[in-house]
Amino acid sequence: MPKVYASINRPPRDLVAHVRGLRLDQIVKALPVTQLMDSAIKPLGLRNVRIVGPAVTVASVGPDPMLGMIATGVAQPGDVIVVAAGGNEAGFAWGGGLTLSAANVGCAGVVVDGVVIDADSIVEQDTPVFCRGSTLRSTPIEVRGSINVAVTCGGVLIEPGDLIVGTLDGVCVIPRADIEELVATVGPESARINANIETLIATKQTIFDLRGGRSLADDLGLEWVD
């Protein structure tokens, strides 16, 4: 029988805050490729947004906005609602009213492995929605699925409470048990790269300059011809 598990084990807030400060490119380097969602799942409207938060999962048998509505009843501030609709584009799995509901709960964002409706309304709101696109097709209301169980979204296995990180480049998933180790591994390199970017902005140099200029080419075995 389908179930709604109202309580999940979320990662500590301080760890989530640390991940917010990390560079996505460095996070991805520390993760297996199996933790990267299908690149077709992007923020609706290709907005330049970033989401980081624990997953509240929706295991949906096809597109079913009713389950998404129920998920807003158990989500907490900072959560990311993940709707695993199997990539089904035969109807919408999320919409504008649900986005407003998620915002009212304080969700960090929504990820839908499917399509949404009311795209104009969604992109006008502050809460980012990642999905495969939008549709005009209506969806029969059939509650077929569960809330806060293991799901596969965009090709990635996700447990409730795993950390969802999404930007304009795409979405990745950090298993809850691996968050602390990832922060320790990625933190120093993220800080170094961010410092280099600040230097580039301040000095108007290039990455080529920072990496040693012509000596870099020599180190790489490239013959420099003036």
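The coordinates are above.
Conventions and cut-offs
Residues numbered from 1 in each chain as written. Predicted model: local features only at pLDDT ≥ 70, side-chain atom pairs only at ≥ 80, totals over all residues. Heavy atoms only, no water. Phe/Tyr/Trp six-rings, centres within 6.5 Å; stacked < 30°, edge-to-face > 60°. Helix = DSSP H or I, 4+ residues; strand = E, 2+ residues; numbered from the N terminus. Buried < 20%, exposed > 50% of the residue type's maximum accessible area, 1.4 Å probe, protein only. Pairing = 2+ DSSP bridges. Salt bridge = Lys/Arg side-chain N within 4 Å of Asp/Glu carboxyl O. Contact = heavy atoms within 4.5 Å.

Enquirer: Which residues make up the packing of aromatic side chains, and what are the values?
Expert: Enumeration according to the criterion identifies 1 aromatic pair in this entry. A centroid spacing of 6.1 Å and a plane angle of 15° characterise the contact between Phe208 and Trp224, whose relative ring orientation is stacked. Pair noted here: Phe208 is in helix H7 (residues 207–210) and Trp224 is in the segment after helix H8 (214–219), with a separation of 16 residues, a long-range link. Using a relative accessible area of 37% as the deciding quantity, one classes Phe208 as partly exposed.

Enquirer: Outline the pairing of strand E9 (residues 163–167), supporting the account with residue identities and numerical values.
Expert: With 5 of 5 residues buried, E9 lies mostly within the body of the structure. Alignment of strand E2 (residues 51–60) against E9, held across 4 bridges, turns out to be antiparallel. Note that in E9 the partner of Ile51 across the bridge is Gly166. In the sheet, E9 pairs with strand E10 (residues 170–174) via 5 bridges, with the strands oriented antiparallel. For Thr167, the partnering residue across the bridge sits in E10 and is Gly170. Hairpin connection, E9 to E10: the antiparallel pair is bridged by 2 residues.

Enquirer: Can you explain the pattern of salt bridges? Please cite residues and give values.
Expert: One pass over the structure, following the stated rule, counts 6 salt bridges. Close ionic contact of Asp226 with Arg214 constitutes a salt bridge, the shortest N to O distance being 3.4 Å. Here Asp226 is found in the segment after H8, whereas its partner Arg214 is found in helix H8, with 12 residues between them in sequence. Under the relative-accessibility criterion, Asp226 is labelled exposed at 79%.

Enquirer: I'd like a description of the side chain of Thr167, backed by residues and values.
Expert: Considering the arrangement of structural elements, one finds Thr167 in strand E9. When near neighbours in sequence (up to four residues on either side) are disregarded, Thr167 contacts Leu24, Pro43, Val49, Arg50 and Phe130.

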